[in-house]
Amino acid sequence: MNRIKNIRPGVLVIPDAGLKLKPGQVVEVERLTKQIQAALKNGRLAMTDKPKQEPLASPEPDQDAEPVDLSKLSATDAISRVNEEANPETLKGYMDTEKRRTVIDALKSRLEGLQGAAE
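All values derive from a computational prediction rather than experimental measurement. (Residues numbered from 1 in each chain as written. Predicted model: local features only at pLDDT ≥ 70, side-chain atom pairs only at ≥ 80, totals over all residues. Heavy atoms only, no water.)

Quick look at the side chain of Arg110 now. Structurally, Arg110 can be placed in helix α4 (residues 101–118). A polar contact is formed between the side chain of Arg110 and the backbone oxygen of Asn83, at a distance of 3.5 Å. (Helix = DSSP H or I, 4+ residues; strand = E, 2+ residues; numbered from the N terminus. Polar contact = N/O pair within 3.5 Å; in protein donor to acceptor, adjacent residues only side chain to side chain.)

Quick look at the structure:
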């Protein structure tokens, strides 16, 4: 078995292996398909030798950092930024200005995840 990790900041889809990997996700595959090999070569995936314990919570971003204008990012980059954000107030602020359905869905999902973790 081979262990691969998505090292991109966004979701990585590998159709010939039937995979949809979230940022940082590690999976075991029986064989390296052509698309997996290409992703490894292009720096989208990395091989991992043994399971590493994933951190329970993402590191807290700098609280003084200025919120990013999601409308200036592509939908994929905006969703990636939403998934990295740990401040519910910032996420709620994004909800007020965001128009793209996919980004709004990601915002709702992230807010639910943060509220569930707080309980």
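Right, let's get into the sheet that holds strand β5 (residues 45–48). Pairing in this open sheet of three strands is antiparallel, and the strands run β4-β1-β5 from one edge to the other. At either end of the open sheet lies a strand with only one pairing partner, and these are β4 (26–29) and β5. The average angle at which neighbouring strand axes cross in this sheet is 35°, direction not considered. Pairing between strand β1 (residues 2–6) and β5: four bridges, direction antiparallel. Opposite Lys5, over in β5, you have Ala46 as the bridge partner. Of the strands in this sheet, β1, β4 and β5 touch helix α1 (residues 34–41), which is tilted by about 95° from β5. (Pairing = 2+ DSSP bridges. Axes fitted to C-alpha atoms, helices over the stretch in contact; angles between N-to-C directions. Contact = heavy atoms within 4.5 Å.)

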